[in-house]
Every structure is written in structure tokens, then in C-alpha cells.
Amino acid sequence: MIHYITGGERSGKSSFAQELALEYSNKPIYIATSRIWDADHQKRINKHVSDRDERWTSIEEEKQLANVVKPNDTYVIDCVTLWLTNFFVDHKNEVTLALAEATKEFDKLLNIEANIIIISNEIGMGIHAQTEIGRKFTELQGWMNQHIAKHANKATFMVSGLPMELK
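I will try to describe carefully the structure that is included in this document. Given the structure is predicted, the values throughout are model-derived calculations rather than measurements. (Residues numbered from 1 in each chain as written. Predicted model: local features only at pLDDT ≥ 70, side-chain atom pairs only at ≥ 80, totals over all residues. Heavy atoms only, no water.)

Considering the environment of Met 158
So, step 1. Checked against the element boundaries, Met 158 lands in strand β6 (residues 154-159).
So, step 2. Here the alpha-carbon distance between Met 158 and Ala 32, two residues 126 residues apart in the chain, equals 20 Å.
So, step 3. The contact partners of Met 158, leaving out residues within four places of it in the chain, are Ile 5, Thr 6, Gly 7, Gly 8, Ser 11, Gly 12, Lys 13, Phe 16 and Pro 163. (Helix = DSSP H or I, 4+ residues; strand = E, 2+ residues; numbered from the N terminus. Contact = heavy atoms within 4.5 Å.)

Some words on the packing of aromatic side chains
So, step 1. With the rule as written, the count across this model stands at three aromatic pairs.
So, step 2. Considering the side-chain rings of Tyr 30 and Trp 56, the 6.4 Å spacing of their centres and the 75° angle between planes classify their relative orientation as edge-to-face. Of this pair, Tyr 30 sits in strand β2 (residues 29-32) while Trp 56 sits in the loop between α2 (39-50) and β3 (57-60); the two residues are 26 residues apart in sequence, bridging distant segments of the chain. You'll find Tyr 30 and Trp 56 in the same group, each marked buried. (Phe/Tyr/Trp six-rings, centres within 6.5 Å; stacked < 30°, edge-to-face > 60°. Buried < 20%, exposed > 50% of the residue type's maximum accessible area, 1.4 Å probe, protein only.)

Some details on helix α1 (residues 13-24)
So, step 1. Helix length check: α1, at 12 residues, gives a terminal C-alpha distance of 17 Å against a target of 16 Å (1.5 Å per residue), a fit within 8%.
So, step 2. Within α1, the full set of buried residues consists of Lys 13, Ser 14, Phe 16, Ala 17, Gln 18, Leu 20 and Ala 21. (Expected span 1.5 Å × (residues − 1).)

Next comes the structure, spelled out in C-alpha cells:
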């Protein structure tokens, strides 16, 4: 089962995903996809870690999600935006290559019998990116979000801490 959760920054996605995971399991697994880019980013990561109690197991995996997702467990993957950034940067901002590799990796999750809660961001709803790289990444994110939503069993859009069921 894949439950896709999307929304804007600070919309309550992570809290909602964690509460949902605890409904499925008393031993959920948190997969952090982020590389640490700077001190501010490390501070945000530390905040997310402190939000989880001893019931949680944390795994850091930048790209190969299917290598760490095992059958019959419950996972929160946080988040698609940072996961895609890893492909985008590794492919020197080439959208086609990054999308192909990320799509192939995501599709592996479809064959694993697990509860997978995957968090993303709706970055295309904000300010139009001022740089070409920013516009390319927004397109990449939008296409990947559509792919995940299409294959998800459930989809939720978070607005101001409130879940809106999409699917």
C-alpha cells in the first residue's frame, strides 16, 4: 500500500505521515532521503529526528529506496523533493535522466508488500522559479509527483495542517 502525501512547506505533511504510520505499526521505519547541504538544513533534520520517539527506526538512504524497504513493514519516506534533488544533482541538472532514474527506482517499490507513506512537496504552486535550474527542477518534481500519485493507493493534500483526501 502506498499513501502519497503532498503539500506546501510547513503544511503538516511530516506530522500527518508519522501519525498515520503509527496507526499501521508500533515500530515504523523512517527513511530520510536528504543529503546534508548546510547548517540550516542539519538543524531542520535534527528537528524532524527529535519529533520521533523510541518506537521509530531511522534509515538514511539518498536514492536506492527499494534496497531498504522490506515486506510487511511500515515506512515513512521523507521526502521526494530531497530524493529527487540527489538524482538531479548527480545528473548535472539533466531532467530527462534524473526523471528516468527516479521513476525506475520508485517503480521498484510497487512490487514490495509494505505500508509505504511517501511525502512530497507541491513546489509548482509557489513562486515561479527565477533560475533555469529552478524551473527545470520544478518540472521534474511535478512530473514525479504525478507518477507517484497515479500509482498510489491513497493520496492526501495537506493545507495548513489539514488533510484533504484526494484519492
